[in-house]
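# Geometric and topological summary
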Amino acid sequence: MPNMPASASTPGMPSPRTPPEPAPGPAGGAQENGVTDSDTRNDGGGTGLGGAVRRGLGFSLLNNALSRLGTVVTGIVLARLLSPSDYGDFAVALVVLNALLSINELGVSLAIVRWPGEPRLIAPTVQTLSTGFSIGLYLLTLVLAPTIADLLGSPAATGLVRVLALSMIVDGVASVPAALLTRAFQQGRRMIADLAALAVNTGVTIGLAALGHGAWSLVIGYLAGNLTTSIMIFAFAGARIRFGFDRHQVRGLLDFGLPLAGSSLLVFGVLNIHYVVVGAVLGPVALGFYMLAFNLSSWPVNMFSLAVRRVAMPAFARLSTDRKALTDAFARSIALLMAATLPVCAIIAVLAGPLIHIVYGPKWDAAADALRWLAVLGACRVAAELAYDLLVGAGRSRAVFAVQGSWLAALAPALFIGARAGGIGGLAFAQAAVAVVVVGPAFIFAIARADVGPIAALRYCGRPVVATTVLVLVMVGLGTVVRGDLARLLLLPPAGLAACAVPLFPLRRLVRPGPHQPPRDASYGVETAEAAEAAETAATDAEGTASHSPSVPVAGR
């Protein structure tokens, strides 16, 4: 999934608690290529961190709603034009690209997001490191592409790997302006760039697919959208490509970035090892079915989680000096996320068969076996990603690394066993089981060790769980009466959502505080604009570039 991996932070350069002495120059708030830190303080929609978070979250949600609607519609069209084998070959190339992006630019661009002073002090050195490493990594990929494609069970994907990997160079070159936009919470500009990229990506992909170019239509469309995003990010950041090299900065940047790259590689392993196992054990056709199912199950993650993540990590980091406020922010955020995510994931799980058959066509029916369990995994991923951001924002990168390592260690053997025992359905069940049994408790333990009480979050999540249980019972009960796939798709979700609205209704107080409560940020619990300004003095961890690659218009994404 191109929106991941999100890099974890680690103590080093700079640290929220021991910030480095900034080089001579103006203090924070200075302009770097047209984007200023003051954009997070005073740009017309509220003041301080609270206003910046509200605006950033609003634009992120709108961006994701429009983008996901576009990609779902495009995916339905492409599912009628392309074969499961086409998707399988493209999935191999995408897995390789995601692996490369997880270590691309060595994680140093995140230093710009966290820099406590003027980002232009380090921008030229970061630009040199990220661009140079991206080019070197691409040249290595050119040589190794045949071997990699063969190991992943699809030798025919060699050319696709080589061309799609060009996105890595684009990513490295544009990492600095993308980090500047993230630093300034400029999600409105990011939304415009993403939607423009989606339009280009969609037009190119559908056009080439209609002309019979198969998997190449997905690759060329992805690359065209990626270039569009990067060009617009440069324009919106007012950035120029400026290279430089300060050897005094290099060591600090690498000390900061390399652990992030290692952590991101673990994230890649967690998020992509399933593709590797399906391709190697079951073949490219099964990989095509699985890819469609996984992308469809990821819709709640991409719709809800990604929007929140673009503002959550910077916001959590700025609250990291006040554990009470941080605990409240996390509890509110995860409760609202679960209230939106759990019902949607439950609907996908209950109606997996009719959804695949009616929307994507009978030739994709085999994907339903995996979709049922992947929908459960999707809900777990949303919670895990917010917990990840909380730990990074609280400066607990070692805990993040430990959780990711345990996740991957448990997942690898479980996937092989599941794939051999039950095909893509067995593999999907293994993923969901590991997420519930291993990853959930590991994150709860890590959060408790970070002095951010998980009990409040678990208590708030009780209502979404009860509401989702009611929804499932209503839908399953009606499903015994309503006949026909189309009728079930049209009637069961509204009935289930109406039933679950009652237990969810009291959560409205988490969105808007009552008159007896002190004013707080609607999403993150930031207590007044003045408190937000005070919290803004803490240095930030952030998701950074997140990904400035466009969404891939594959089915269901």
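Residues numbered from 1 in each chain as written. Predicted model: local features only at pLDDT ≥ 70, side-chain atom pairs only at ≥ 80, totals over all residues. Heavy atoms only, no water.

It is worth spelling out the overall build of the protein at this point. In terms of regular secondary structure, the protein is built from 20 helices and two strands. By residue count, 60% of the 557 residues in the protein fall in the buried class. Within the protein, residue pairs in contact and separated by at least 24 positions form 86% of the contacts whose partners lie at least 6 positions apart. As presented, the protein carries roughly 19,600 Å² of accessible surface, and 68% of it is formed by carbon and sulfur atoms. (Helix = DSSP H or I, 4+ residues; strand = E, 2+ residues; numbered from the N terminus. Buried < 20%, exposed > 50% of the residue type's maximum accessible area, 1.4 Å probe, protein only. Contact = heavy atoms within 4.5 Å. Areas by Shrake-Rupley, 256 points an atom, 1.4 Å probe, with all protein chains shown as cover.)

Before going further, it helps to spend a moment on the packing of aromatic side chains. Scanning the entire structure with this criterion turns up six aromatic pairs. Ring plane angle 85° and centroid distance 6.0 Å describe the contact between Tyr275 and Tyr290, whose orientation is recorded as edge-to-face. Separated by 15 residues along the polypeptide, Tyr275 in helix H10 (residues 247-282) and Tyr290 in helix H11 (residues 284-297) bring together distant segments of the chain. The class for Tyr290 is buried, based on a relative accessible area of 0%. Members of the aromatic cluster, connected to one another through ring pairs, are Tyr87, Phe289 and Trp364. (Phe/Tyr/Trp six-rings, centres within 6.5 Å; stacked < 30°, edge-to-face > 60°.)

Let's shift gears to the pattern of salt bridges. Applying the stated criterion across every chain, the model contains one salt bridge. Asp369 serves as the salt-bridge partner of Arg372, at 3.5 Å between the closest nitrogen and oxygen. Linking Arg372 with Asp369, this pair stays in helix H15 (residues 368-393), spanning three residues, or about one helical turn. For Arg372, a relative accessible area of 36% translates into the label partly exposed. Taking relative accessible area as the criterion, Asp369 reaches 44% and is therefore assigned partly exposed. (Salt bridge = Lys/Arg side-chain N within 4 Å of Asp/Glu carboxyl O.)

Since one α-helical turn is 3.6 residues long, residues separated by three or four positions face the same way. An ideal rise of 1.5 Å per residue puts 20 Å on 14 residues; H11 measures up with 20 Å between its terminal C-alpha atoms. Burial within H11 is extensive, with 12 of its 14 residues counted as buried. Every buried residue of H11 is accounted for by Ala286, Leu287, Gly288, Phe289, Tyr290, Met291, Leu292, Ala293, Phe294, Asn295, Leu296 and Ser297. (Expected span 1.5 Å × (residues − 1).)

Read these as geometric descriptors, not functional statements.
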